[in-house]
Each structure stands twice: as C-alpha cells, then as structure tokens.
Amino acid sequence: MPYTYSITSEADVHFTVFKVPHWRAFLYQFISVVIWGGLPSPLQRKVSAWYASFYTRPYSKRIIRPYIKLNYSNKNYLDNFRPPHGKNEFENFQDFFTREFRRLPYNASSYVWPCEGLLCDMGYVHPEVVSRVKSDTRRVHTIFQLEERNIPKDYFFTNVFLHNKNYHRIHAPVTGTVSRIQHVPGDLVILRPWIYKKDPSLPALRNERYNIDIIDYEGRTWYLSIVGGPAVGTIALPKKLVRGAQVAKLEEIALFYLGSTCCMAAPVAPRYHDKNCFVQVGATY
C-alpha cells in the first residue's frame with residue numbers, strides 16, 4: 001500500500017544560513033577562488049584525496065555518534081539508513097557520509113527534489129545571471145556546458161548546496177530517459193554559498209562536475225549538474241547509468257564522497273520552496 005515516508009525534516013538537521021560579514025565573506029572568497037583556486041587542478045584533487053582519506057580509516061568511525069548528536073535533533077536519525085555497498089555496519093565516517101536509505105521516500109507527485117540541502121540560488125534561466133566578475137557575465141547555461149539557446153528561457157534554475165551533514169546521494173527528479181552524460185574537468189573551490197554573497201552559484205561555473213540530462217514522458221529535458229568541491233575524492237555514477245538508459249523517479253543517479261552541490265534547470269518552477277530554505281530528497285518539487 002502506498003505511503004508517505006519522510007526521511008528527514010528541517011527540524012532533524014541543524015541547518016543555519018550563516019550571515020557572514022561582508023569583510024569575512026570577501027576574505028573566504030579570496031582564499032577559495034584566488035589562493036586555493038589558483039593552484040593547478042590536479043594538485044587540488046591530490047590534496048582533496050589526501051584529506052578525504054582520513055575519513056576512510058577505521059578510527060574515523062568514532063566520529064559518527066558525536067557528529068549525529070551535534071547535528072541532528074533526532075537521536076534515532078541513523079536508524080533510517082543503512083551502510084553502503086552491502087556492508088553490515090558503518091566501518092568509517094565515509095560510510096556514514098555515503099549512507100543509503102533503508103526505504104526510499106514515496107511521493108505521488110510527478111516531480112521531486114533530487115537531493116537534500118540548502119536551496120541557495122534560484123530563478124528563471126533567462127535573465128538569471130549566475131556570476132558577474134568585472135565585465136565578465138556568466139549565465140546558467142555555462143554550468144551545463146550548453147549554448148544559451150539550448151535551454152528554454154522559461155526554464156527554472158535551482159542550486160542546492162549539500163552540507164557535510166546532508167544525505168549525499170542524488171536521485172532522478174522525474175521518470176524518463178537519460179539523453180546526455182558529460183564529465184566537465186575543473187577546480188574544487190569551496191562550495192559554501194554564504195561566502196559568495198551575490199554569486200552563490202559561482203563554484204558551479206568552474207568546479208569539476210557531471211552534467212546529466214533526463215527527458216521526461218512529456219518530451220521535456222531536465223538538466224542536472226552535479227558539482228564537486230574540496231575533499232571530493234569521487235563523484236560516482238551507477239554503472240547502468242548510460243545514455244539512453246531509462247530511469248525511474250527517485251532512482252539513484254550519482255553519489256558524492258564528501259562535499260557537493262546540485263544544480264538543475266527544469267521546465268517547471270518549485271511549488272513550495274523559496275531561496276534559503278531546506279529541501280528534502282523526494283519532496284514535491
């Protein structure tokens with residue numbers, strides 16, 4: 001019998017939209033974009049992989065319980081998930097980070113949110129400007145590595161920032177056919193939107209990412225960009241996710257190993273969510 005299964009609520013996760021002073025945001029952005037972002041991309045990946053390796057070691061398992069107590073109001077939060085890859089227990093912190101649903105959320109709506117996190121940016125594709133740096137203006141289509149004419153002007157852009165405490169698997173927002181999978185090499189600058197103030201989607205323009213397009217049953221394309229950040233050792237896609245593959249709504253399409261952002265250009269606008277609110281996997285889009 002169908003039922004609604006809400007895995008996480010905003011109350012369960014202590015998620016605060018930080019109001020960072022402008023001077024501090026400028027400093028953090030300078031460190032992220034100019035200093036760290038100025039390093040060669042291969043070096044960024046090596047440093048990130050080295051940092052991420054600490055979370056794959058057995059002793060990191062000790063972090064899990066204190067981390068849950070600090071970040072979740074629901075003491076039984078972990079009961080809703082199981083260890084990844086068929087494991088019997090969480091062997092390290094990375095296992096917790098890549099946790100799997102014991103039971104996927106159910107939602108009769110045709111469109112759902114593909115991930116969990118902070119909705120940090122949103123607006124219609126045209127004339128939505130993602131970033132302005134001096135005379136250089138970047139628009140939404142740049143994130144998806146498409147020409148401006150490829151994404152209809154009435155499409156709606158959203159950017160969900162996945163904090164370390166959030167569930168880090170990405171699911172299909174609709175049922176449809178995968179029409180494109182594109183790997184975009186790039187940097188791994190810091191993702192936290194509050195340090196970019198007016199340009200919260202700036203990292204999505206330059207970071208390494210996977211672009212995945214899904215054509216729904218009405219013939220409309222949903223554009224997703226799955227963006228990596230510092231300490232992301234891997235953005236993993238299921239082996240069966242190939243061009244031409246059929247995907248069901250809420251079927252898993254990507255997995256992050258530490259840190260991420262998910263951008264989407266959709267043929268419809270979200271009905272119940274506004275900028276700087278919390279969204280859940282499987283909630284009505």
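Residues numbered from 1 in each chain as written. Predicted model: local features only at pLDDT ≥ 70, side-chain atom pairs only at ≥ 80, totals over all residues. Heavy atoms only, no water.

Caption draft 1: Quick peek at a nonpolar patch on the surface. A surface patch of nonpolar side chains, amounting to about 650 Å² of accessible area, comprises Phe26, Leu27, Tyr28, Phe30, Ile31, Val34 and Ile35. In this fold, Ile35 is placed in helix α1 (residues 22-36). (Patch = residues over 30% accessible without salt bridge, like charges linked within 9 Å, V, L, I, M, F, W, Y side chains within 5 Å. Areas by Shrake-Rupley, 256 points an atom, 1.4 Å probe, with all protein chains shown as cover. Salt bridge = Lys/Arg side-chain N within 4 Å of Asp/Glu carboxyl O. Helix = DSSP H or I, 4+ residues; strand = E, 2+ residues; numbered from the N terminus.)

Caption draft 2: Geometry of helix α3 (residues 64-71). Of all the residues in α3, the buried ones are Ile64, Tyr67, Ile68 and Asn71. Looking down the long axis of α3, one finds its buried residues gathered within 100° of arc, a one-sided arrangement. The exposed residues of α3 that point more than 90 degrees off its buried face are Arg65, Lys69 and Leu70. The secondary structure elements touched by the buried residues of α3 are α4 (93-97). (Buried < 20%, exposed > 50% of the residue type's maximum accessible area, 1.4 Å probe, protein only. Arc of directions from axis to C-beta. Contact = heavy atoms within 4.5 Å.)

Caption draft 3: Highlighting the pairing of strand β14 (residues 260-266). Most of β14 sits out of view: seven of its seven residues are buried. Burial along β14 is two-sided: the face carrying Ser260, Cys262, Met264 and Ala266 and the face carrying Thr261, Cys263 and Ala265 are both buried. Where strand β10 (residues 221-227) and β14 come together, five bridges link them in antiparallel fashion. From the neighbouring strand, Val227 faces β14, where its bridge partner is Thr261. (Pairing = 2+ DSSP bridges.)

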